[in-house]
Amino acid sequence: MARVIVDVMLKPEILDPQGQAIARALPRLGFSGVTGVRQGKRFELELDGPADEAALSDVRKMAETLLANTVIEDFSIRVED
Amino acid sequence: MSAARVGVVTFPGTLDDQDAARAVRLAGALAVPLWHADHDLKGVDAVFLPGGFSYGDYLRCGAISRFAPLMGELIPAARAGLPVLGTCNGFQILCEAHLLPGALTRNEGLHYICRDQRLRVETAATAWTTEFAAGQEIVLPIKHGEGRYVADAATLEELEREGRVVFRYLGNPNGSLNDIAGITNESGTVVGLMPHPEHAVEDLTGAPSVDGRGLFTSILKRLVNA
């Protein structure tokens, strides 16, 4: 049993109006020092076996096929300890 | 001669399928209901993917719908030349299915926009726009929160160079790159646009125009002459 985390973020060149809105809200709430915010998605995948090379290769396919739209998003995969 | 048959797809969460079917019938074609869970295109001559919030817009707009059983039939058929029109959520589904390039993202101002929108028809050389004149200005309703068209610079350049931008906003409502409201594939058979032609076919409904009729008369003419 293993848990694999897939983080999906809009590509840097894609406008993220939600992140911008959050960045504008922070100073109004008294938080300072944040120069930018990008919002993304985190997926936690519970595997029924170990996170070996084959399993991670499958997760990569899942990310490319469904979890991320690679036209506008990048993803990264890591195994949670 | 039997009537041209235009399939209208319903996913869970589709909203505009009844208006879509009505627009198809008003143009003189037979509207054939297609169900997302079926593997059957029922021998239709063209397909209309209407708007709404299929699968609740979960994950990304159109991301789940794109893998519906019906899409397993529709995607290869569209690649083989079956004319397909996608409006709003239908446009998002066509992009997720890679039948059209690019993607639709959150509106620049974050607001859901519901208003009458002026557009310019940029090309009459698609299966769905032959009854318009290139350069013609029309008015159609828009209603979307995620309609900002984006694509990489090379794709945008290709769309412009090949005359595949079909509709352009006059007064960009959502931050779409190059003011793009609708595009077509390389063969001009698949067209996607954010505005709603199916809501602009009858004076009775208080529509801002009946300019939407042109898309349906275009496809009917093509099918009847085929």
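Each value, and the rule that gives it
Residues numbered from 1 in each chain as written. Chains lettered and ligands numbered in written order. Predicted model: local features only at pLDDT ≥ 70, side-chain atom pairs only at ≥ 80, totals over all residues. Heavy atoms only, no water. Salt bridge = Lys/Arg side-chain N within 4 Å of Asp/Glu carboxyl O. Helix = DSSP H or I, 4+ residues; strand = E, 2+ residues; numbered from the N terminus. Buried < 20%, exposed > 50% of the residue type's maximum accessible area, 1.4 Å probe, protein only. Core = buried A, V, L, I, M, F, W, Y, C linked by side-chain atoms within 4.5 Å. Contact = heavy atoms within 4.5 Å. UniProt positions renumbered as here; feature names shortened; annotations may be inferred. Polar contact = N/O pair within 3.5 Å; in protein donor to acceptor, adjacent residues only side chain to side chain. Pairing = 2+ DSSP bridges. Axes fitted to C-alpha atoms, helices over the stretch in contact; angles between N-to-C directions. Buried area = accessible area lost by both parts, 1.4 Å probe. Nonpolar A, V, L, I, M, F, W, Y, C, P; charged D, E, K, R; others polar.

Peer 1: Can you help me understand the pattern of salt bridges in this one?
Peer 2: Between side chains of opposite charge, a pair can form as their charged atoms come close. Scanning the entire structure with this criterion turns up 21 salt bridges over all chains. Between R3 of chain A and E44 of chain A there is a salt bridge; the shortest N-O distance is 3.6 Å. Pair noted here: R3 of chain A is in strand β1 (residues 2-10) and E44 of chain A is in strand β2 (residues 40-47), with a separation of 41 residues, a long-range link. By relative accessible area, which is 29% here, R3 of chain A ends up partly exposed. Residue D16 of chain B pairs with K143 of chain B through a salt bridge whose shortest N-O separation is 2.9 Å. With a gap of 127 residues between them, D16 of chain B in the loop between β1 (5-10) and α1 (17-26) and K143 of chain B in strand β7 (residues 137-144) connect regions that are remote in the sequence.

Peer 1: Mind showing me how you'd approach the nonpolar core here?
Peer 2: Nonpolar side chains tend to gather and get buried jointly when the protein is soluble and globular. L49, M71, Y149 and F167 of chain B are the most contacted members of the largest nonpolar core, which has 70 residues in total. Sequence-distant contacts of L49 of chain B, that is, excluding residues within four places in its chain, are made with V9, F11, M71, L74, V84, L85, G86, T87, G90, I93 and L94 of chain B. Core analysis: the second largest hydrophobic core is formed by twelve residues, V6, L45, A63 and L67 of chain A among them.

Peer 1: Hey, could you run me through the UniProt feature "active site" (unreviewed entry) in chain B in this one?
Peer 2: Residue and element names in this part refer to chain B. Sites flagged by UniProt as "active site" (unreviewed entry) map to C88, H196 and E198. The largest pairwise C-alpha distance within this set of annotated residues, which runs over 111 residues, is 10.9 Å, so the set is compact in three dimensions. Note that C88 resides in the loop between β4 (84-87) and α3 (89-96). In this view, C88 contacts G51, K143, H144, L193, M194 and H196; residues no more than four positions away in its chain are not counted. The residue E198 is located in the loop between β11 (190-193) and α5 (213-225) in this model. Accessibility expressed as a relative area gives 2% for E198, which makes it buried. When residues no more than four places from it in sequence are discounted, the contact partners of E198 are D16, D19, A20, A23, F48, T87 and F216. In this structure the side chain of E198 is engaged in a polar contact, spanning 2.8 Å, whose partner is the side chain of H196.

Peer 1: Help me understand the sheet that holds strand β3 (residues 73-80) of chain A, please; the structure alone is not making it clear to me.
Peer 2: Hydrogen bonds along the backbone pair up the strands of a sheet, which may run parallel or antiparallel. Residue and element names in this part refer to chain A. Taken together, three strands build an open sheet; the order of strands is β2-β1-β3 and the sheet is antiparallel. Single-partner strands in this sheet number two, and they are β2 and β3. The mean angle between the axes of side-by-side strands here comes to 20°, regardless of whether they run parallel or antiparallel. Pairing of β1 with β2, which is carried by eight bridges, proceeds in the antiparallel orientation. The residue of β2 that forms the bridge with I5 is E44. Along the sheet, helix α2 (residues 53-67) makes contact with β1, β2 and β3, crossing β3 at roughly 150°.

Peer 1: I'm lost on the interface of chain A and chain B in this one. Help?
Peer 2: Note on interface size: it is often stated as the accessible area lost on association of the parts. Each side of the interface is counted separately: chain A has 15 residues, and chain B has 15 residues. The junction of chain A with chain B conceals about 1,300 Å² of combined surface from both sides, 69% of it contributed by carbon and sulfur atoms. The interface formed by chain A and chain B includes one salt bridge. Measuring nitrogen to oxygen at the nearest pair gives 3.7 Å for the salt bridge that ties E73 of chain A to R60 of chain B. Linking chain A with chain B are five residue pairs in polar contact (both at pLDDT 80 or more). Partitioned by chemical class, the residues of the side of chain A that touches chain B number ten nonpolar, three polar and two charged.

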